[in-house]
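Chain and residue survey
Residues per chain are reported as follows:
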Amino acid sequence: MAAEHPEEIIKETINPAIGLMPYQGSKLSLALGLKGELIAAGSKMFGALYKTWWECDASMVEINPLCIIVGKDGKETLLAIDAKMSLDDNALYRHPNIQAMRDLAEEAPLETEASKFNLNYIKLDGSIACLVNGAGLAMATMDIIQHYGGQPANFLDVGGGASKEQVTAAFKIILSDPHVKGILVNIFGGIMDCNVIASGIVAAVKETHLSIPLVVRLEGNNVAAGKKTLAESGVAIITGDSMADAAQQVVRAVAG
């Protein structure tokens, strides 16, 4: 849509000091092609949508689909058929009422366990586990595994400042998935110290008695010390010179 019909994407800039103004809601309603009483209904809905997003510290609030419903009296009304919200975890401490609605029974057990260590983990259906710092790099890592013929087993972002304990916890969570046949660690140290990650990897390998192929690619802050720690660890670790090299090596190791 953005590439082929950008004119169909309607945008409205909101001043956070005053919020969404009624005229802006009406403007959006008209842009959607609403008419008559539905214009006011749409404006009210957009105002409520913005208020929900703002007051809940949400990162995203989406209504999809929003429909025009014809009642038994023949009158048209707007109805949100389905909706979705994403909340900013860093702001949840301000919303105990929202935290109280959390239902762990609706969450994947491994994802719940990962959240205890502030790890962003999503289980997938493949056989090559990923441990990466940064969501963008994690997405790229999954893509390159698939590009070279493998299937990612998870999305796992340890964040920009992971500790040795978090890395160990991440390995244990990864190995809890019986479908995992190999692990690719892809770290670009900006804020993160590569040697801290390397120490965590070595400790995790020893503690979990790792028996599947492990490929590690380190780059960035204190990388020389990190590579030295891996080389002198005495544990079986395959090193990758680049992201592409590491991906190819883990795909080959799992296939073999």
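Just above sits the structure.
Quick look at the structure, then. All values derive from a computational prediction rather than experimental measurement.

A word on the overall build of the chain
Within the chain, the regular secondary structure consists of nine helices and ten strands. On C-alpha atoms alone, the chain measures out to a radius of gyration of 24 Å, which is more than a quarter above the 18 Å that the 2.2 N^0.38 rule sets for 256 residues. In terms of principal-axis extent, the alpha carbons of the chain reach across some 75 × 40 × 35 Å. For the chain, restricting intrachain contacts to residue pairs at least 6 apart in sequence, the fraction spanning at least 24 positions comes to 66%. Carbon and sulfur atoms provide 55% of the accessible area of the chain, an area that totals close to 14,700 Å². For the chain, the distance from the average site of its 20 positive side-chain charges to the average site of its 29 negative ones is 2 Å.

Considerations on the layout of surface pockets
The computed volume of the largest pocket comes to approximately 1,100 Å³. What lines the largest pocket is a set of 26 residues, among which Leu87, Asp89, Leu92, Arg102 and Glu107 lie closest to the centre. Listing elements by their share of the lining of the largest pocket, those giving two or more residues are strand E4 (83–87), helix H3 (96–99), helix H4 (109–115), strand E5 (120–123) and strand E7 (154–157). When residues in the lining of the largest pocket are grouped by element, the largest group, four residues, is from E4. Broken down by class, the residue content of the lining of the largest pocket amounts to eleven nonpolar, eight polar and seven charged. One number sums up the size of the second largest pocket: a volume of about 590 Å³. Elements that contribute at least two residues to the lining of the second largest pocket include exactly helix H2 (37–55) and strand E1 (58–63). In terms of residue class, the lining of the second largest pocket is built from 14 nonpolar, one polar and three charged.

So, the packing of aromatic side chains
Each aromatic ring pair is characterised by the separation of its centres together with the angle its planes make. This model, assessed by the stated rule, comprises three aromatic pairs. A centroid spacing of 6.2 Å and a plane angle of 50° characterise the contact between tryptophan 53 and tryptophan 54, whose relative ring orientation is tilted. The exposure class assigned to tryptophan 53 is partly exposed, which follows from its relative accessible area of 34%. What makes tryptophan 54 partly exposed here is its relative accessible area of 44%. Among the aromatic side chains, those forming a connected cluster through ring pairs are Tyr50, Trp53 and Trp54.

Examining the side chain of asparagine 133
Looking at the secondary structure, you find asparagine 133 in the loop between strand E6 (128–132) and helix H5 (135–147). Judged by relative accessible area, asparagine 133 falls into the buried class, the value being 9%.

Regarding the nonpolar core
Counting residues in hydrophobic clusters, the biggest one holds 35 residues, and the most contacted among them are Leu131, Phe171, Ile183, Val185, Ile201, Leu214 and Leu218. Looking at this core, the elements with two or more residues in it are H4, E6, helix H6 (164–175), strand E8 (182–189), helix H7 (194–208), strand E9 (214–220) and helix H8 (223–231). By residue number, the principal contributor to this core is H7, which donates seven residues. Beyond its immediate chain neighbours, meaning those up to four positions away, phenylalanine 171 contacts Leu131, Ile183, Val185, Ile201, Ala204, Val205, Leu210 and Leu214.

Some remarks on H8
Since there are 3.6 residues in each turn of an α-helix, residues three or four apart along the chain are aligned in direction. Three or more residues of H8 are buried, namely Val223, Gly226 and Leu230. Taken end-on, H8 shows its buried residues confined to a sector of 60°, consistent with a single buried face. Pointing more than 90 degrees away from the buried face of H8 are the exposed residues Ala224 and Ala231. Packing partners of the buried residues in H8 comprise H7 and E9.

Remarks on a nonpolar patch on the surface
Together, Ile10, Leu32 and Leu66 make up a nonpolar patch on the protein surface, roughly 230 Å² of accessible area in all. Here leucine 66 lies in strand E2 (residues 66–70).

A look at the state of the cysteines
Taken as a whole, this structure holds zero disulfides when the rule is applied. No disulfide involves cysteine 130; its sulfur sits 18 Å from the nearest other cysteine sulfur, which is in cysteine 194. For cysteine 130, a relative accessible area of 1% gives the class buried. The buried category is assigned to cysteine 194, whose relative accessible area is 0%.

Conventions and cut-offs
- Residues numbered from 1 in each chain as written.
- Predicted model: local features only at pLDDT ≥ 70, side-chain atom pairs only at ≥ 80, totals over all residues.
- Heavy atoms only, no water.
- Helix = DSSP H or I, 4+ residues; strand = E, 2+ residues; numbered from the N terminus.
- Rg over C-alpha atoms; globule rule 2.2 N^0.38 Å.
- Contact = heavy atoms within 4.5 Å.
- Areas by Shrake-Rupley, 256 points an atom, 1.4 Å probe, with all protein chains shown as cover.
- Lys, Arg positive; Asp, Glu negative; His and termini not counted.
- Charge placed at Lys NZ, Arg CZ, Asp CG, Glu CD.
- 1 Å grid on protein atoms, 1.4 Å probe; cavity = no way out; pocket = protein on both sides within 12 Å on 5 of 7 lines; lining within 4 Å.
- Points joined across faces, edges and corners; volume = space filled by probe spheres on them.
- Nonpolar A, V, L, I, M, F, W, Y, C, P; charged D, E, K, R; others polar.
- Phe/Tyr/Trp six-rings, centres within 6.5 Å; stacked < 30°, edge-to-face > 60°.
- Buried < 20%, exposed > 50% of the residue type's maximum accessible area, 1.4 Å probe, protein only.
- Core = buried A, V, L, I, M, F, W, Y, C linked by side-chain atoms within 4.5 Å.
- Arc of directions from axis to C-beta.
- Patch = residues over 30% accessible without salt bridge, like charges linked within 9 Å, V, L, I, M, F, W, Y side chains within 5 Å.
- Salt bridge = Lys/Arg side-chain N within 4 Å of Asp/Glu carboxyl O.
- Disulfide = S-S within 2.5 Å.

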